[in-house]
Amino acid sequence: MVSRVIPVNAFDLVLFGATGDLARRKIWPGLFHRFLAGQFADDSRIIGVSRSDLSRADFQAKVSAAISSAHDGDKDKISAFLDLIDYVSVDAAGDRGWDNLEAATRSDVIQAFYLSVAPKFFGAIARRLRDRGIATEESRIVVEKPFGHDLASARTLNAELRACFQEHQIYRIDHYLGKETVQNLMALRFANSLFEPLWNASHIDHVQITVSEKLSVDGRGEYYDQSGAMRDMVQNHLMQLLCLTAMEPPSKFTPNAVRNEKLKVIEALEAVESSDIARGQYRASGDQGSYRDHSGNDKSITESFIGLKVNVANWRWAGTPFYLRTGKCLRERLSEIAVYFRNPPHMIFPGLDVPQGNVLVIRLQPDEGMTLHTTIKDPGPGGMRLTEASLDMTFADSLKDAERPQDAYERLIMDVIRGDQTLFMRGDEVEAAWAWADPIIADWTDRNLKPQQYDVGSSGPEDSLLLMHRDGRRWRPIGN
Ligand code: NAP
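Right, let's walk through the structure included here. (Residues numbered from 1 in each chain as written. Predicted model: local features only at pLDDT ≥ 70, side-chain atom pairs only at ≥ 80, totals over all residues. Heavy atoms only, no water.)

### Structural notes on the pairing of strand β7 (residues 204-212)
- The element β7 is extensively covered by neighbouring structure, given that 8 of its 9 residues are classed as buried.
- In the sheet, β7 pairs with strand β11 (residues 334-341) via 8 bridges, with the strands oriented antiparallel. In the strand pairing of β11, Ile-204 is matched with Phe-341.
- Pairing of β7 with strand β10 (residues 322-327) involves 6 bridges; the strand directions are parallel. Following the sheet pairing, Gln-208 is matched in β10 by Tyr-323. (Buried < 20%, exposed > 50% of the residue type's maximum accessible area, 1.4 Å probe, protein only. Helix = DSSP H or I, 4+ residues; strand = E, 2+ residues; numbered from the N terminus. Pairing = 2+ DSSP bridges.)

This is the structure we're talking about:
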């Protein structure tokens, strides 16, 4: 299997927040990789924008440092990439620098404005781009998460952006959608005839979606304490994974056809009972501080873990719950969707245990890939015994001859340049997800509900295990 690089047309990518953490860790290395892959047309340019007063050379030195882990030291390639890069200092919230930005941009190539800055700047930047005529009817605007804190703030952000850009110009990033496996989930479901007939409540017992992290919130605890796991992860990333797993086949693979189907899933979600939610906060362990230490708030009731049971109330999924969980300071870093198929309706091997039945595990990290757990005869003599065997596909193995796997940001930025919104959230999707999440969060606030403590390196709080146990099910282990 060899991956193909499809070159994009010439562009001006204007990156606001070009000196920030996200730009340094993800966006610059991602752009450099795409440049190395030969995807850029010759006269493409990237214009870094931030508040700092930097010379072009100073800025290029920062970019050079940011891409240092992404290259093999080939000076010609590095300097060819840096040649594409310009820098303009602009105050996003004030008037300084906008004339220079106007002078630096071209209107006869694809224009993309990537706002890797705090959401409070989205409206002001969009307005200035429009009022000064820097952006055109064809320009694209890309915004980073978080897209709102609740439904009201998401509506405000949408209104601010839509006052200056049309929906088809707005790219709301959820980088989970840029992951290879996430797109493969769509290929698996809709490019094969094997799974789709079984992809419903008659054949699937339940689905588990897990995004677990080993890291604590240390270093960003103050920020995190304003959001918690529900806002930071469930409303966006886990919701997108749920949508792609549960959605109906779109009639075609176009941005709006896909996003219409995802929206229908969110709109079909039932309100979640408080008894179907487990919230946790990690406690101190050895040298490591507690969540409250890291958040700097010794009375915090914000959750660093959440597990919940979600019902999709439609014909396809009635009776098949989706269990979602995500948290910090858990045993391993792991993201996966596990689809548990029902056991055979009649067991012809009396007295023999079916080890775990058919489970399709779609792994986002680590080792992106898929595993189908099956039950087979335990090989060898000794009569009929059953055991488990896995059909395993790790993408890194099957893509040996291809270039290195792309990071989600690389793919998403190139999709922006191509004008493909399929892997970006539409405004109504984001609002629907907040409309579902808001009452859940409001209930905790109203009742001043304290999360249950859990150990660092565990699978989360006791309540999360009970949530499954009560339904006669078990979470898949997080790590060994
Ligand atoms: P950051 O490290 O704090 O960087 C902020 C950037 O915004 C800097 O380049 C800063 O420029 C610029 N900036 C601040 N005030 C400005 C102003 N008035 N005018 C023009 N530029 C201004 O933030 P970040 O972590 O990169 O995050 C950027 C956005 O991405 C945020 O919305 C964040 O929520 C989101 N995000 C971040 C991550 C991540 O891993 N970091 C992940 C997902 C989403 P100066 O350096 O010149 O001040």
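Let's pick the thread back up.
### Some points on helix α3 (residues 75-83)
- Buried within α3 are the following residues: Ile-78, Phe-81 and Leu-82. The arc that holds the buried residues of α3, viewed along the axis, is 100°, so those residues lie on one side. Seen from the buried face of α3, the exposed residues on the opposite side, beyond 90 degrees, are Asp-76 and Asp-83.
- Close packing links the buried residues of α3 with α1 (21-36), β2 (45-50), α2 (56-66) and β3 (85-89). (Arc of directions from axis to C-beta. Contact = heavy atoms within 4.5 Å.)

### Concerning the packing of aromatic side chains
- Throughout the structure, instances matching the rule amount to 16 aromatic pairs.
- With centroids separated by 5.8 Å and ring planes inclined at 70°, the aromatic side chains of Trp-28 and Phe-59 adopt a geometry described as edge-to-face. In this pair, Trp-28 is assigned in helix α1 and Phe-59 in helix α2, connecting sequence segments 31 residues apart. This pair shows no difference in class: Trp-28 is buried, exactly as Phe-59 is. (Phe/Tyr/Trp six-rings, centres within 6.5 Å; stacked < 30°, edge-to-face > 60°.)

### Examining unusual backbone geometry
- Of note, the bond from Lys-145 into Pro-146 is cis; its omega dihedral lies within 30 degrees of zero at 0°.
- With respect to the helices and strands, the residue Pro-146 is situated in the loop between β5 (140-143) and α6 (151-162).
- For the bond from Gln-365 to Pro-366, the omega torsion is -10°, close enough to zero to count as cis.
- Within the element layout of this structure, Pro-366 appears in the loop between β12 (359-365) and β13 (369-377).
- At Asp-367, a residue that is not glycine, the phi angle is positive and equals roughly 55°.

### Here we look at the sheet that holds strand β8 (residues 277-282)
- Ordered by their spatial adjacency, 9 strands build an open sheet running β14-β13-β12-β11-β7-β10-β9-β8-β15, and the pairing between neighbours is mixed. Bordering the open sheet on either side are β14 (386-394) and β15 (452-454), each of which pairs with just one other strand. Ignoring which end each strand starts from, the neighbouring axes of this sheet average 20° apart.
- Helix α15 (residues 462-469) contacts β7, β8, β9 (305-310), β10 and β15 of the sheet and is inclined by roughly 15° relative to β9. (Axes fitted to C-alpha atoms, helices over the stretch in contact; angles between N-to-C directions.)

### A few points about α2
- Those residues of α2 lying buried are Phe-59, Gln-60, Val-63 and Ala-66. The buried residues of α2 all sit within an arc of 110° when viewed along its axis, so they share a single face. In α2, those exposed residues whose orientation departs by more than 90 degrees from the buried face are Ala-57 and Ala-65.
- For α2, the elements touching its buried residues are α1, β2, α3 and β3.

### Digging into the site of the ligand
- Lining the immediate environment of the ligand, one finds 21 residues, of which Thr-19, Asp-21, Arg-25, Arg-51 and Ser-52 sit closest.
- For the ligand, an oxygen atom lies 2.8 Å from a polar atom in the side chain of Arg-51.
- Interatomic distance of 2.8 Å between a backbone N/O atom of Ala-92 and a nitrogen atom of the ligand.
- In the complex, 75% of the free accessible area of the ligand, which totals 890 Å², lies under the protein chains.
- It is α1 that contributes the most residues to the shell around the ligand, 3 residues altogether.
- Residues belonging to the shell around the ligand are distributed by class as follows: 9 nonpolar, 6 polar and 6 charged. (Near = heavy atom within 4 Å. Polar contact = N/O pair within 3.5 Å; in protein donor to acceptor, adjacent residues only side chain to side chain. Areas by Shrake-Rupley, 256 points an atom, 1.4 Å probe, with all protein chains shown as cover. Nonpolar A, V, L, I, M, F, W, Y, C, P; charged D, E, K, R; others polar.)

### Remarks on the sheet that holds strand β6 (residues 170-172)
- Pairing in this open sheet of 6 strands is parallel, and the strands run β3-β2-β1-β4-β5-β6 from one edge to the other. A strand with exactly one partner marks an edge of an open sheet, and here the two such strands are β3 and β6. Averaged over neighbouring strand pairs, the angle between their axes works out to 20° when direction is ignored.

### Some points on the nonpolar core
- In this structure, Trp-28, Phe-81, Leu-101, Leu-129 and Trp-436 are the most contacted members of the largest nonpolar core, which totals 132 residues.
- At 11 residues, the largest contribution of residues to this core is made by helix α9 (residues 228-246). (Core = buried A, V, L, I, M, F, W, Y, C linked by side-chain atoms within 4.5 Å.)

### Remarks on the pattern of salt bridges
- Scanning the entire structure with this criterion turns up 36 salt bridges.
- Arg-132 is the salt-bridge partner of Glu-102, the closest N and O atoms lying 3.4 Å from each other. One end of the pair, Glu-102, is in helix α4 (residues 98-104); the other, Arg-132, is in the loop between α5 (122-131) and β5, and 30 residues separate them in sequence.
- Look at Glu-102 and you get partly exposed, because its relative accessible area is 36%.
- Of the residues examined, Arg-132 reaches a relative accessible area of 26% and is grouped as partly exposed.
- Each of Arg-189, Glu-196, Glu-248 and Arg-316 takes part in one network of salt bridges that share partners. (Salt bridge = Lys/Arg side-chain N within 4 Å of Asp/Glu carboxyl O.)

### Brief notes about empty space enclosed by the protein
- Here the structure, examined in full by the defined rule, presents 2 cavities of 30 Å³ or more.
- A volume near 60 Å³ is recorded for the largest cavity.
- Going through the elements one at a time, α9 and α14 (427-447) are the ones with two or more residues in the lining of the largest cavity.
- Its residues placed into classes, the lining of the largest cavity shows 5 nonpolar, 3 polar and 1 charged.
- Quantified by volume, the second largest cavity comes out at close to 40 Å³.
- Along the walls of the second largest cavity sit Gln-235, Asn-236, Met-239, Gln-240, Ile-266, Met-425, Glu-429, Val-430 and Ala-433, which together make up its complete lining.
- Within the residue set of the lining of the second largest cavity, elements represented by two or more residues are α9 and α14.
- The biggest single contributor to the lining of the second largest cavity is α9, with 4 residues.
- Here the lining of the second largest cavity is composed, by residue class, of 5 nonpolar, 3 polar and 1 charged. (1 Å grid on protein atoms, 1.4 Å probe; cavity = no way out; pocket = protein on both sides within 12 Å on 5 of 7 lines; lining within 4 Å. Points joined across faces, edges and corners; volume = space filled by probe spheres on them.)

So far we have only geometry, and geometry alone does not tell us how the molecule works.
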